[in-house]
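Understanding the architecture of this molecule
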Amino acid sequence: MTVWRKLDDEDCYAVALYNFNSPSSLHLPLEVGELVHLERETDDWYWGTSLRREAKGAFPKGYVVIRSCNVDRCGETVVASSGGSGVVHDIAVTLREWLQHWKLLYTTNDDRFKFMEVSMRALLELRAQAASGALPQDQLRRVARTAVFTIDKGNRTLGMELAVRTMSGQLVDPLTTSTFKLNALHDEANSRIDKNMETTPTSRPTSQTPTARTYTIVVYIKNFVCRMSDTAELSLALHDSAGNKITENVLLKWPPGHLGAAELFTAPSVVFTDLGSDIKKEKIFLVCHVVRIGAMEPQVVEHRRSTLAPPAGGAGGAGGAGGMRRPFGLACADITQHLAADNSDKEILLPFYPCEKDNMDTLLKKVIANRELKDKHSQGMWVFLQMVEGDLKQIRLENPHMVVGNTAFARKMGFPEVILPGDARNDLYVTLLGAALARPPGKSSERNVELAARVVDRRGAPVPGVISVGAGVPLVDEYTSIVYYHDERPRWNEVFKVCLNIEEFKEAHIVFLFRHRSSNEAKDRAEKYFAMSYLRLMQKDGTTTPDTQHNLAVYKLEHKKCAGSAELEAGAACVALPSLRDELPAGAERGVARGPLALLPRDSLSVATRLCSTKLTQREEILGVLKWSAHHAEGTLRTALTKLLRVPNDELVKFLQDILDALFSILTQVEENTEEYTEQSYAVLVLDCLLQVISLVADHKYQHFQPVLHVYIEKSFCDALAYEKLIKIMVWTIRSAEQGEVASKRLLQCMKCLESLSRVLVRSWQLRAALGSRATALSTGGVNGTDEPTYCPELQSLLEALVWLMRCGDHALTCQGSALKYLPHAAPHLTRVFPDTQLSKYTVWALEALPLGRLSNQRLHALLELARGPLGAAPGPRAYLLPHLAATLAALLVAPIELDNHKSRSAGKAARLLGADTASLLDHTQQMQIVELCVETLGEVVSLLARDDVGPVEADRGELARTLLPTVLRIAATMMKERNKEEGTPSDDPLLRKLICVLLDMVRQMSEEQYVVVMKSLDAESSGKANTLVSDALALMMALLQRPVFRPHWADMLHLQHYVMLHALRLLSTTLREQLVSIEDSDPEVMSAVHLTLQDWFNTLGAVASSPPIQLETLPTSRRQRATMLYGDIRRKAATLLADMWFSLEEHKRFFIPHLVGTFLEVSFLRVEEVRNIIIPLFFDMMQTEYKYTSETEEGAGNMRAFENALIDKLDVLAEAGRGDAAWRASFVSLCGALAGAARLPGGPALVAAAARQLDALLQYRAAPVPRRLYLVSGVLRFYEQIERPHMYIRYVHRLAALHAAAAHAPEAGLTLCLHAKLLRWSDEPLPPRLRHPTRPRHDTHFQLKSSLYTEAVSLLEAGRQWELAARLARELVRECDERGAAHGALAALHEQLARLHRLARDAPRPRPVYFRVRYLGRGFPPHLRHPKGFVYRGNDCDMLHNFKERMLDEWPEAEVLLKLDEPGEDITESDGQYLQINAVTPIIDDIWKEKFGKTGDEQVIRYYEHNNVKKFVFSRPFHRQEDSITDSTDDLSGANEFATRWLERTELEISDTLPGILRWFPVVSTRTYWVCPLEVAVETMEQTNKELKAIIQEAKSPDAPLHPLTMRLQGILDSAVQGGLVHYERAFLTAAYEARRPQHAALLQRLRDHIADQVPLLKHGLDVHASREPVRELHAHLAACFRRVQNHVHQRYGRRVCELEAESVSSPEVTLRTNLRDSAEIEPRNPSNRISDISTGNETTPKSKFKLNSAINWTRNSSSGTLTPRHKKRSRKSEVSLQSSGSQWYTSNSANGNIHSAINNAINSAFNTALCNNAVNNNSLNNSTVNNNSLSSNNTSSNNISSLCDTSASPLRELRQELVCSRPQRARCSLPPSETPSNRDSLGTTDSNQDDEEPPPLPQKQSHRSLELDAENNNQELNLPVRHNYDLVISPRNSYLYQSRRRNTCEKLPPSSEKAPTPPPKKRNQNA
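Only a predicted model underlies this, so the values are computations on that prediction, with no experimental measurement involved.

**Remarks on the overall build of the protein**
Across its full length, the protein holds 65 helices and 36 strands. Residues classed as buried in the protein amount to 56% of the 1969 residues present. For the protein, the share of sequence-separated contacts (at least 6 apart) that also reach a separation of at least 24 residues comes to 77%. Here the protein displays about 83,400 Å² of accessible surface, and carbon together with sulfur accounts for 51% of that area.

Spelled out as structure tokens, the structure:
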């Protein structure tokens, strides 16, 4: 016995590594990746539960691996994933949910399948990256952002919920977040998905201060390949599209001397920082200049690749330490697209371009211009690029891995977009553009010019280490240019940077020394500098050299005049000479000299400078303010301040900090009269300058400098006394607002800068307070004093001035608006130095000072910002602010509530609609803006009150609800009504959503005590105001549930909405209970109103509980777990509240019983057991309440009529809508039924049982597919008919008719409509509502509706070719219309319709209906189909048995068809499988129609009633009785002995209703089985043959009818080979021995003789008709000769008879019945006892047969049950049986002598000819024409075989295998299985009396020698077998041996047909070939 051990770890999980499948129910099937919770184990097995589905079981240990998992539990719901937490867990849970949807997309071939596949693969890769633990924080955040975006996009694609997340990627908690904020997060996430942005939601910034974007580009150098022998410098930089440098150079020595070849360029990286946002907009090139260091000409050495071999000749190359810089080439690539794509892992090649003829600058411009250059892609630089946002400091913090190791940093050549206060720069970028030098006298060639730049002081001494040649290398003393060979006009375009401090900058200048470099090394060492230029760094006025191009003068350096160092002396002497050529005096070309320097008038040097300094300026105006003390002493300070206002903005922001320091110093240090200010006061001028600078920073262009200003105020500002004068000057500015335009503009600008000025005031006061505290502490010996105020008292004057400003008139309107706009932004800073409560008071006073109708938008904006600020967050100031805010919003929301349309429209459209002018339209727009602002402000307030960090909020919530709740509710209700008026899907309305969120927040935050206070205050204001609030709330909630304002995939919002609604309903219930108690019975109007409100309350609560978004069982596992954890099960809470409210009604319950039944039913149908246990007992309480009330008020016993009607009606409606299940039915019966039984409530148990039966019928109907509902709807009809619910009965009648019409069952649809008509009378009585048409309510009387139904039914019956039934209805309609005196036109139309129906019944061809018996066996079928006796189906037109079986197997693909008709055993009936037993049946004409129409002899009428309006059917099965044998051998079944021993077992069936009826099938109610003796079989056969011959003759009389059928039939009977059949009849029955043995059969014998005798005149008349149609003469002569022989024989034995057709003229008109190719033309017998089922002959259907005989064959059985094995299923579908001629039901091989009697062969040929005749008739009926030549050819072919058919010797039967091209798809050939043990009677070897092909012809024809020989070849294997007596199954005639063999014989000489054989149909499942 296996012992399972419990695992110690309860949270042990495993992941399946392989698929595990097992047939055992104790095993748990696994799929790869499935997560399993392990519970128990053995040595080799685990027992666990799958988290993917609700399944438990055992599985091998080797199939899984244990993993640590992240588990979330909530009740019974578990969400787990392995691999980690956070985003890893979320991805795992998401993929698990997506998998099922993805499979569904595949099965439905949905277009979204590919997108979801890509998304799932992307999530798998992201999860692998996140779970690896190897990612840095920045990449991990990027992975998380990408994963969140991918999840949201996939959820949107699948229609799943939208999950909102915080900045860290965690899901937002709806319970701790306000609804308004949650809606904003949903909007943001939705917009992010729509815009395809990979960003996470960000919190709202505290201010609108923008942030500048700074970018950094990191370049990872992987390799550099270049053929060069010398050492080189690689200079990397970013260039723009014009070739100008953007960044500094990064200099790399190549190859590095300290690295070996293997380590070369292993991990160098270059960082370009301080790049602005325009880096993404411009075209960017990464350029690497390659400069060779060495001799003038490179050494000739082996070419090598740099990364493969060490450099030759050392690091200095040929030039050694004195090597010159020679141009070699450059590598360049456009990196714009790479930066935009952010492909950091993609390698980029910078192709190398050698510098051959051009200089480096020209070559770069050619490369950038994409000119044709011979670039060699085998050489170049390979790099990786990555661009990240942030400056260098941010990169070091967030991405430290990027800047570690061998990293060089290059800054932008210029200022970044933001210059922080701590970022002190003093860099001068000098660009060596070019030089123009004259050729020296006596020289034949130009010089090789090298330029050296140095920074020297006034004495000429070089300043060491101040020149930067590039990042990555240390500073140098001088910069040396590239040397171009023999170029007197070199163009370098090289840049170096001068790094000097301010003191050195003022004293230094740059000198440029020219030197010739010789190719000869010895001469080169002797070369000296021959010329010099210099550039001043500072100008005489103290400003730096301007940023421009400088054309420098060149001075010759004469070394002979120098006593010491020529460079040193020249550097000191040059400052006395002009630097620029423009500074040269007139006549300078004649000579200018000083010391060793002499001017070269024709030479020049061009350089450009660019200053990046935060300390040195090039503007004189700025310098004047910075040196304010000197100007103040000179009295020019006012002028300097005035000039500052005219400085360009770009210069101001560069020196922002210095300018502000200077201005505040002037403000505090310059003494002046502070009592009276004027326009020329220093304080006023300083204020103007301050406002200019602050306004500049506030401008959009320079808005990224706002953080710089703020940092300056907080960190660098240090003036402790500035606040005093600043407050005074601001107060003066406000008070002087009325003194002119200048003062007004100053005030406006002051209000705009109020926030920054407030920052300065606060910081200054804090510095002052700090100094005062320190001084006080020092004076008191370290003890803090208490005399210093804790806040700035001077601010009070400023606030009072602001209040005064709000009281000003219209002249200050603009300033008032600015104050309202910027005061809320200043308030957070003022609270640091002023009490927040006092500040709130002053703010409220200022707002109240402004009239309510003025500046409404600005007022609301101010209130919005104040609510967001600290005044709203602190309890003290909020107590003053919130009441004013609520009152203001309530006042402003009154007017917009009356707007006709709350949506903003275009002005023109609104003018057309409203007829308003432009002013009114603008007013309308303004009012809508006010509404939007009010809603936004309210949203911020409720979001504020939802926080837990703002102190006590209960009083504030109550105040807000008391003031605004009724108004907001009323506005929301009005907007919802307008929205619901829209047709179709309502458009999304963001304003309405926000308003609903505000309302939800207000209700959500309201406690019961606050609700009571609100209701009491409303009652105090108005007596009916509280009731109105309740009604509006209920109406709004119902509207929200019916048409939600939130999007369907916003699951959190919808769930939270229902949660709040439940809370609101709980609050409203207290008011309703109080009203219910307080009302008096004497006031019916009040009571009715309260009852109506209560009814709405119940309906709303029911709608909340049954709302789809909160049905947990429909949610994914993770969502269900989250919803349960957050809200619990809202449905259970709602059910409890519903029951509590119901029981609190007490004596008022009776008023709600009919109305609340539907609501309670809807709630009880929820699939929650607890909910059902709560609600279902309420039904019993309703029953008891109604019974008690009716017992007291009505005479007699009580009843529950109202409850019963409502229950049945609502059950039907809800069940139709998909509600209810079997579990509810069981609970209803067990709970309600038990209570009713225990209470002995009269009628209670019966009502419960009726409801249960109704639900059973409805559930069966609903669960069935549409094709199977046809039968189930009849059960529903019977139920509603029994309980007398006509309106429900009528609804399902028309539903059944619609199903029939959709399935093209026109007769059944018409007869179904008659059920409705039967409920109506032919009268003009008004039509009650319960009898009206469900979809056509236009009829008012019984007569109108009934006549309409009759008309429609007649049309349907006519379309279904049931003209007799249609005529019967039409006659009744004509009679009623005639009696009512209808108009002649209407009567004429009705009579014409009736006449047309009769003509169609007489003349029009129609296929005979076919019927099939079907038995459903096995428990795999639904219970309603497992009828013990089966069903009889009415087949489709031209239906056949194999087609019907295919349809049944298509409907039940898992079913198997039984091959026997024997009663199956329990192994079939009690099994879990599905088995079908199908056979064709023949209808029996009803006795009523036989008596009614039998005397008239109208064949058309009789034919109709033989197959229509029938309830009885019959089928037969043949078997042989050896005791009836006429030979000595009991095993001989050949010849006459076969006819003598062949009996039939005939079964009659009776169904519940007639067919056709309201269904196409009905159950069998009774069966009867009896035997038919051989003689009776022979009589039936002859009678049927004569009838068919008579019908064919009648049809052939028409000149348009084909002659072929008659020819073939006559040939089959009259040919001499057929005479053997008559002999068999005579030998078997017409003998004295038989008469003696069966004296009781004398009457049957006489009937047989009569039929034989009656056949002769029929044949004679047929020959006459045949002769009149001009047949083939030879064939007709042959037939005439054969007839004479037959006539002589019959006249001698049986006498002469007269045919009733002989007296008629051959040319008399006949009614020709044309049938389809698949319909037979034979006339069925009138006698029902003469019918044999076509299943016995193997025919699919009775009239569909084209042949008159079939072989019965034996099936190869693989099981005792006779079912088709899976291997043979496909073969069985197309051809139900295989051929075996020895098993024929009519003719059996004689095993004794191996020969078959010649009579059998004759019968075969006769039957074959009959079949061909019928086939030709059918072909002509379908095509309405035939080719007589084909017919004649067939007859000739038959006549040519006459001689071969005359031989009566027996021969074994053979099957011909020649293919037959037929007019329909060929069936597969059948195999010949060996015979089985004979049995007396096999189940499917049956016969059908209406299948003429199954019966032996009366005159059997002998078979041809050819066919006998062929049969001997194929069937000789069976000659020695024992005789078979069983007949298992008969195949379709077309596949029979008889048909194939005879058809091959006759078709050999037929003319070729032009018609192609149809393509065979595709094979289907469960079909044997």
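That shown, we press on.
**Overview of the pattern of salt bridges**
Across all of its chains, the model carries 84 salt bridges by this definition. Among the ionic pairs, R1119 bridges to E161, the shortest N-O distance being 3.6 Å. Linking R1119 in helix α35 (residues 1117–1127) with E161 in the loop between α3 (137–158) and α4 (179–194), this pair joins segments that are 958 residues apart in sequence. Take R1119: its relative accessible area is 3%, and that puts it in the buried class.

**Quick word on the pairing of strand β31 (residues 1475–1484)**
Among the ten residues of β31, ten are classified as buried, and the element is accordingly described as predominantly covered. Along β31, one buried face is formed by Y1475, Q1477, N1479, V1481 and P1483 and the opposite face, lined by L1476, I1478, A1480, T1482 and I1484, is buried too. Note that strand β28 (residues 1411–1417) and β31 share seven bridges and pair antiparallel. What sits directly across from L1417, in β31, is Y1475.

**Topic: the environment of P1605**
By secondary structure assignment, the location of P1605 is in helix α54 (residues 1604–1614). Given a relative accessible area of 2%, P1605 falls into the buried group. Put simply, P1605 and I1592 are 13 residues apart on the chain and 7.2 Å apart in space, counted from C-alpha to C-alpha.

**Notes on helix α6 (residues 360–368)**
Listed in full, the buried residues belonging to α6 are M360, D361, L363, L364, V367 and I368. Seen end-on, α6 carries its buried residues on one side only, within an arc spanning 160°. Residues of α6 that are buried sit in contact with β10 (231–239), β13 (285–294), β14 (324–334), β15 (347–354) and β22 (491–499). Where α6 starts, the residue carrying a side-chain oxygen 3.2 Å from the main-chain nitrogen of D361 turns out to be N359. Looking one or two places after α6, you find N370, whose phi comes out positive at around 60°.

**So, unusual backbone geometry**
As a rule of thumb, non-glycine residues mostly have phi less than zero, and peptide bonds are mostly trans rather than cis. Residue P1556 follows L1555 across a cis peptide bond; omega there is 0°. Along the chain, P1556 turns up in the loop between β33 (1542–1555) and β34 (1561–1572). The backbone of D274 sits at a positive phi, close to 65°, despite the residue not being glycine. Mapped onto the fold, D274 is located in strand β12 (residues 269–275). The phi angle at R1240 is positive, at roughly 55°, despite the residue not being glycine. Structurally, R1240 can be placed in the loop between α40 (1222–1239) and α41 (1244–1263).

**Re the packing of helix α53 (residues 1574–1596) against α54**
Put simply, α53 and α54 touch, their axes get as near as 9 Å, and they point 145° apart. Between α53 and α54 the crossing geometry is left-handed. Residues T1585, E1588, L1589, I1592, I1593 and A1596 of α53 lie in contact with α54, whose contacting residues are P1605, L1606, R1609, L1610 and I1613. Taken together, the residues that form the contact of α53 with α54 break down as eight nonpolar, one polar and two charged.

**Describing helix α21 (residues 795–806)**
In this model, α21 (twelve residues) spans 17 Å end to end at C-alpha, consistent with the 16 Å of a helix rising 1.5 Å per residue. Burial in α21 covers these residues: L795, L798, L799, A801, L802, V803, L805 and M806.

**Structural notes on the packing of aromatic side chains**
On inspection of all chains with the given rule, the structure shows 46 aromatic pairs. Seen in terms of ring centroids, Y712 and F717 are 6.4 Å apart; in terms of plane orientation they differ by 70°. Their pairing is edge-to-face. Take Y712 and F717: they sit in the same class, and that class is buried. Here a set of aromatic residues connected by ring pairs shows up, and it is made of Y1271, F1412, Y1416, F1421, F1431, Y1433, F1444, W1452 and W1561. Of note, K61 hangs over the ring of Y46, and the distance from its end group to the ring centre comes to 5.0 Å. One residue, R447, lies across the ring of F530, its end atom 4.0 Å from the ring centre.

**Digging into the environment of N249**
Its location among the elements puts N249 in the loop between β10 and β11 (250–254). C-alpha of N249 to C-alpha of M413: the two residues are 164 residues apart in sequence and 9.6 Å apart in space. When sequence neighbours within four positions are dropped, the list of residues in contact with N249 reads S235, L236, A237, A410, V469, G470, A471 and V495. For N249, the side chain forms a polar contact with the side chain of K245, separated by 2.4 Å.

**Thoughts on the environment of L605**
In this structure, L605 sits in strand β27 (residues 597–613). The class for L605 is buried, based on a relative accessible area of 0%. When the C-alpha atoms of L605 and L432 are compared, they prove to be 8.4 Å apart, with 173 residues separating the residues in sequence. Sequence-distant contacts of L605, that is, excluding residues within four places in its chain, are made with G434, A435, L451, W492, F512, F514, S533, H550, N551, L552 and V554.

**Re the pairing of β11**
Of all five residues that make up β11, four are buried, and the element is covered over most of its length. Here five bridges tie β10 to β11, and the two strands are oriented antiparallel to one another. Along β11, the bridge assignment pairs L234 with L252.

**Focus on the confidence of the model for the protein**
Scored by pLDDT, the protein has a mean of 77; 78% of the residues are at 70 or more. Within the protein, β28 carries the highest mean pLDDT (95), whereas strand β35 (residues 1752–1753) carries the lowest (30). Note on residues 302–321: pLDDT is under 50 here. Beyond four places in sequence and across chains, it has 36 contacts.

**Looking at the side chain of R993**
Mapped onto the elements of the fold, R993 is located in helix α30 (residues 990–1004). Here the side chain of R993 touches D187 through a polar contact of 3.0 Å, side chain to side chain. If sequence neighbours within four positions are ignored, R993 has contacts with N183, D187, D988, V1045, F1046 and W1050.

**A few points about the packing of helix α1 (residues 87–107) against helix α2 (residues 112–132)**
It is at 10 Å that the axes of α1 and α2 come closest, and there the two elements cross at 160°. In terms of orientation, α1 lies roughly antiparallel with respect to α2. Crossing hand, α1 versus α2: left-handed. Contacts between α1 and α2 involve V87, V88, I91, A92, T94, L95, W98, L99, W102, L105 and Y106 from the first element and R112, F113, M116, E117, S119, M120, L123, L124, L126, R127, A130 and A131 from the second. Along the lines of polarity and charge, the residues of the contact of α1 with α2 split into 18 nonpolar, two polar and three charged.

**Here we look at the side chain of T216**
Position of T216 relative to the elements: it lies in strand β9 (residues 215–225). Residue classification places T216 among the buried residues on the basis of a relative accessible area of 0%. Here T273 takes part through its side chain, which lies 3.4 Å from a polar atom of the side chain of T216.

Rules used throughout
- Residues numbered from 1 in each chain as written.
- Predicted model: local features only at pLDDT ≥ 70, side-chain atom pairs only at ≥ 80, totals over all residues.
- Heavy atoms only, no water.
- Helix = DSSP H or I, 4+ residues; strand = E, 2+ residues; numbered from the N terminus.
- Buried < 20%, exposed > 50% of the residue type's maximum accessible area, 1.4 Å probe, protein only.
- Contact = heavy atoms within 4.5 Å.
- Areas by Shrake-Rupley, 256 points an atom, 1.4 Å probe, with all protein chains shown as cover.
- Salt bridge = Lys/Arg side-chain N within 4 Å of Asp/Glu carboxyl O.
- Pairing = 2+ DSSP bridges.
- Arc of directions from axis to C-beta.
- Polar contact = N/O pair within 3.5 Å; in protein donor to acceptor, adjacent residues only side chain to side chain.
- Axes fitted to C-alpha atoms, helices over the stretch in contact; angles between N-to-C directions.
- Left-handed = near helix turned anticlockwise from the far one by under 90°.
- Nonpolar A, V, L, I, M, F, W, Y, C, P; charged D, E, K, R; others polar.
- Expected span 1.5 Å × (residues − 1).
- Phe/Tyr/Trp six-rings, centres within 6.5 Å; stacked < 30°, edge-to-face > 60°.
- Lys NZ or Arg CZ within 6 Å of the ring centre and 35° of its normal.
- pLDDT = per-residue confidence, 0-100.
- Parallel < 35°, antiparallel > 145°, perpendicular 65-115°, else oblique.

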